[in-house]
Amino acid sequence: MSKRVYIFDTTLRDGEQSPGASLNMQEKLEIARQLENLGVDAIEAGFPIASKGDFEGVRAIARSIRKPIIVALARSVKRDIDRAWEAIREAARPRIHIFIATSDIHMKYKLKMEPEEVLKLAVEMTAYAKSLCPDVEFSTEDGSRTRPEFMYRVLEAVIDKGATVVNIPDTVGYSTPGEFGRLIRGIRENVKNIDKAILSVHCHNDLGLAVANSLSAVENGAQQVECTVNGIGERAGNAALEEIVMALRTRKDLYDFETGIVTEQIYKASTMVSALTGVIIQPNKAIIGANAFAHESGIHQHGILSNRETYEIMTPESIGLKQSQMVLGKHSGRHAFEERLKELGFENLAPDEINEAFERFKDLADKKKYVMDKDIEALVSSEAYQIPEVIELEYFHITSGNTLISTSTVKIVKDQKVIEEAACGDGPVDATFKAIDRAAGVDVTLKDYFLKAITGGKDALGEVIVKIEKNGRMFAGRGISTDILEASAKAYVNAINKMLYDQSENNGNNGSNGNNGNNGNNGNNGSLQ
Ligand code: KIV
Ligand code: ZN
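Residues numbered from 1 in each chain as written. Chains lettered and ligands numbered in written order. Predicted model: local features only at pLDDT ≥ 70, side-chain atom pairs only at ≥ 80, totals over all residues. Heavy atoms only, no water.

Asks: Please explain the nonpolar core as it appears in this structure.
Replies: Buried together is how nonpolar side chains tend to be arranged in soluble globular proteins. Ile43, Ile70, Val166, Ile168, Ile187 and Ile319 are the most contacted members of the largest nonpolar core, which has 97 residues in total. Look past the residues within four positions of isoleucine 187 in its chain and what remains in contact with it is Met151, Tyr152, Leu155, Ile168, Ile194 and Leu199. (Core = buried A, V, L, I, M, F, W, Y, C linked by side-chain atoms within 4.5 Å. Buried < 20%, exposed > 50% of the residue type's maximum accessible area, 1.4 Å probe, protein only. Contact = heavy atoms within 4.5 Å.)

So this is what it looks like as structure tokens:
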């Protein structure tokens, strides 16, 4: 029997710390539902002390997602632990995750504490968390740079106090596979009571080694891996869930381990996380990049046609990626469209959502000869994850050219009022964004603009992702259309709507992007990775 490796997903906590990846509550819930479909064992839903928004997001997930363990993060501080418990106490399977730094450099310069004080606090706070929740995870922050002997003492002590999981982070992504594997083996061999807890690892990707380090840890006795969808996370990100899972599955001959992941749900999870966070997937990204299964060279194509296994070590279908097909055209009926939606994994749409999607499909089919699977996915997902719209774009009109100043007129509806405004700008997109700002009465900073074609050909759908900033918080908006100026305007309006929604929902938010971890800090262990 293969040994089980538990997949602990931290997309909604460490992943949300990606620059500009902040999510609203509906988006967090949407992702959590997909993580449940994906079959993760645990969802780290957030860091409740960080902000009101984070707290509410964790609580909503704890209330509605019943299969996986729902985890809330806390520093080794009573106030944090109380808040974490408050957020997850209604979960079917709650877990409090506490951490404190144990490396010499962090203890001396960040915590300004002696090792013995850190050990004492770790023990006390584990006992406190355990008095509230039966499942307690303890992390030694900056674990890979911690003196092993000190780490063994801390781990043994917290397991004695009831920690059910002990997690070893490579917080700064500094370790290498051989070294990290030896650290995990050392823990297995030197911590007397290690068999009373699950041994977990949490690797960052600063040297591009997060997945390799996690796999090496598994070979050396780690039973839980912490990771994020698409590898998103602060700086260079975290270990990518899809890479770990597919490596274990594809090289079963080397790794006799299994996970509970339904790999066919990977592609959907990946596109959802990218669409909602606005963190774009590089085309050559392993497993889920646009080129991951594209075979360009003639030699490869010839080999693939004779036998797929010549150049394909896993199938696109195994991650839920259907081969792009010419599906439907303007004469296709509603029934065929609905069937295709189901095959693409959108089986839970309500009848009015299907009607709306069908209308959009018909519009698209008028403009585009062949509507492909990817077009349909884009059409449906761009609407499926919408929050209530405070402003709606009625129309825009642009004058532009290389010898004249671009001007744009837009008409929007806001609070049932029709507002029309015009502006000039450096090019048609800039002019349109300025006109929308004026009409909506907002003042935001455009931080990022990204355009890609969803399928090939002159009539391809264009997808635009914009990121705007307001008071230190970032909001990603997405728009699609066969006209890239319309896609740009829609994306910008979507981002503004998310910002307005956030303002209305989060009046008590600390405005810190919800995850800086310094709120209410007593100075003993500020930042987190
Ligand atoms: O990277 C890290 O050390 C963390 C801990 C809070 C687990 O994210
Ligand atoms: Zn981390």
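Asks: Even after reading the chapter, I still don't get helix α4 (residues 104–111), so can you show me in this structure?
Replies: The periodicity of an α-helix, 3.6 residues per turn, causes residues three or four places apart in sequence to face the same way. Within the sequence span of α4, burial applies to His106, Met107 and Leu111. Taken down its axis, α4 places every buried residue within 100° of arc, on the same side. Away from its buried face, by an angle of more than 90 degrees, α4 presents the exposed residues Lys108 and Tyr109. Of the surrounding secondary structure, the elements contacted by the buried residues of α4 are β5 (94–101), α5 (115–132), β6 (136–141) and α6 (148–160). Within two residues after α4, lysine 112 carries a phi angle of roughly 55°, on the positive side. (Helix = DSSP H or I, 4+ residues; strand = E, 2+ residues; numbered from the N terminus. Arc of directions from axis to C-beta.)

Asks: Sorry, what's going on with α5 here?
Replies: For α5, which comprises 18 residues, the first-to-last C-alpha distance of 26 Å matches the rise-based estimate of 26 Å (1.5 Å per residue) to within 8%. Looking at α5, one finds that the buried residues are Val118, Leu119, Leu121, Ala122, Val123, Met125, Thr126 and Ala129. Where α5 is buried, its residues contact α3 (78–88), β5, α4, β6 and α6. (Expected span 1.5 Å × (residues − 1).)

Asks: Explain the packing of aromatic side chains to me, please; I cannot follow it from the model alone.
Replies: The geometry of an aromatic ring pair is captured by the separation of the ring centres together with the interplanar angle, meaning the angle of the planes. Under the defined criterion, the tally for this structure stands at five aromatic pairs. Relative to phenylalanine 361, the ring of phenylalanine 337 has its centre 4.9 Å away and its plane inclined at 25°; by these criteria the two rings are stacked. In this pair, phenylalanine 337 is assigned in helix α12 (residues 334–343) and phenylalanine 361 in helix α13 (residues 351–367), connecting sequence segments 24 residues apart. Of the residues examined, phenylalanine 337 reaches a relative accessible area of 0% and is grouped as buried. Taking 6.4 Å as the distance between ring centres and 55° as the angle between the ring planes, the aromatic pair formed by phenylalanine 433 and tyrosine 449 counts as tilted. On the criterion of sequence distance, the pair formed by phenylalanine 433 in helix α15 (residues 428–440) and tyrosine 449 in strand β16 (residues 445–453) is long-range, its members being 16 residues apart. Grouping aromatic residues by their ring pairs yields a cluster made of Phe337, Phe358 and Phe361. One cation-aromatic arrangement involves arginine 83 over phenylalanine 55; the distance from NZ or CZ to the ring centre is 3.7 Å. Lying across the ring of tyrosine 174, arginine 145 places its NZ or CZ 5.9 Å from the centre. (Phe/Tyr/Trp six-rings, centres within 6.5 Å; stacked < 30°, edge-to-face > 60°. Lys NZ or Arg CZ within 6 Å of the ring centre and 35° of its normal.)

Asks: Can you help me understand the pattern of salt bridges in this one?
Replies: Between side chains of opposite charge, pairing is possible as soon as their charged atoms come close. Following the criterion strictly, the structure yields 30 salt bridges and no others. In this structure, lysine 28 and aspartate 54 form a salt bridge, with 3.2 Å as the shortest nitrogen-oxygen distance. Taken as a pair, lysine 28 in helix α1 (residues 25–38) and aspartate 54 in helix α2 (residues 52–64) lie far apart in primary sequence, 26 residues in all. Like aspartate 54, lysine 28 is buried. In this structure, glutamate 86 engages arginine 89 in a salt bridge whose closest nitrogen and oxygen atoms are separated by 3.7 Å. Here arginine 89 falls in the partly exposed class, since its relative accessible area comes to 45%. (Salt bridge = Lys/Arg side-chain N within 4 Å of Asp/Glu carboxyl O.)

Asks: When you look at the pairing of strand β3 (residues 42–46) in this model, what are you seeing that I'm missing?
Replies: One face of the sheet, then the other: side chains in a regular strand alternate in exactly this way. Across the five residues that make up β3, a large majority, five, are buried. Two strands pair when backbone bridges link them, and strand β2 (residues 6–9) and β3 are joined in this way by two bridges, in the parallel orientation. Residue pairing across strands places phenylalanine 8 opposite alanine 42, the latter belonging to β3. Here β3 runs beside strand β4 (residues 69–75); their pairing, made up of four bridges, is parallel. Along β4, the bridge assignment pairs isoleucine 43 with isoleucine 70. You can see the chain leave β3, run along α2 and come back into β4, and the turn it takes is right-handed. (Pairing = 2+ DSSP bridges. Right-handed = clockwise from strand over helix to strand, strands pointing away.)

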